[in-house]
Each structure stands twice: as C-alpha cells, then as structure tokens.
Amino acid sequence: PAAQKELAQLFALLGLPPTRVALAGVTAPWNEADPAEVAAFLERWRDSGWKLQRSAYDALHQLILAAWYGNPRSWPDIGYPGPPRIAP
C-alpha cells in the first residue's frame, strides 16, 4: 500500500504540466511526447545523483517490465510458451 501511494504521487506529479517540465524535462503531454525526450528523461533519472530520482526510475522500470512480461501478447516475442497447463 505504501509503494502504491508513492507511485500514485509520482504519476500525479508527472501528470501536471509544470512539474512534468521541471522534473522530467518533457514539454508535451505524455501522449504527445517525443520518444527521444522521454528516453532522455528516463536516462537522466536512471543515472541521477539523487537517490529519489533513481528510486522513481526503478519503480517505473519495474512497472513497465511487469506489464510487458505479464501480457500474453508479448510472450511469443520472448519465447515464453505461457504457464503450464494442468490436464483435467
């Protein structure tokens, strides 16, 4: 619950235009953002000297990986046949 609350706060901050620009350096709304600008933001946070930004990057990274690996449509791309099936 605490991690969920912190992640919600992070999304709220990054969703507001002034804090999105100040913290992430992304000027356009996320759905219109230049992929290179988003990649640069993530790299800055990944390599930041501030532990809080590195922690926020780690949380975003883990969330994206969980969504990717948890999506059955991505399994063929990674060679995962899916969970074992139990015969009746």
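Residues numbered from 1 in each chain as written. Predicted model: local features only at pLDDT ≥ 70, side-chain atom pairs only at ≥ 80, totals over all residues. Heavy atoms only, no water.

Visitor: Tell me about the side chain of Arg20, and please be specific about residues and values.
Guide: Structurally, Arg20 can be placed in helix H2 (residues 17–24). It turns out Arg20 is buried and unbridged, and the closest side chain with the opposite charge, Glu37, is 7.5 Å from it. For Arg20, the side chain forms a polar contact with the main-chain oxygen of Ala28, separated by 3.0 Å. Sequence-distant contacts of Arg20, defined by excluding residues within four places in its chain, comprise Leu13, Leu14, Gly15, Gly25, Val26, Thr27, Ala28, Pro29 and Trp30. (Helix = DSSP H or I, 4+ residues; strand = E, 2+ residues; numbered from the N terminus. Buried < 20%, exposed > 50% of the residue type's maximum accessible area, 1.4 Å probe, protein only. Lys, Arg positive; Asp, Glu negative; His and termini not counted. Salt bridge = Lys/Arg side-chain N within 4 Å of Asp/Glu carboxyl O. Polar contact = N/O pair within 3.5 Å; in protein donor to acceptor, adjacent residues only side chain to side chain. Contact = heavy atoms within 4.5 Å.)

Visitor: Can you explain a nonpolar patch on the surface? Please cite residues and give values.
Guide: Residues Leu65, Trp68, Tyr69, Ile78 and Tyr80 make up a contiguous nonpolar surface patch of roughly 470 Å² in combined accessible area. Of the residues forming the nonpolar patch, the biggest block, three residues, is contributed by helix H4 (residues 51–70). For Tyr80, a relative accessible area of 37% corresponds to the partly exposed category. (Patch = residues over 30% accessible without salt bridge, like charges linked within 9 Å, V, L, I, M, F, W, Y side chains within 5 Å. Areas by Shrake-Rupley, 256 points an atom, 1.4 Å probe, with all protein chains shown as cover.)

Visitor: Tell me what's going on with the pattern of salt bridges, and back it up with residues and numbers.
Guide: Within this structure, the stated rule accounts for one salt bridge. We note a salt bridge from Arg46 to Asp47, for which the minimum N-O separation is 3.1 Å. What makes Asp47 exposed here is its relative accessible area of 54%.

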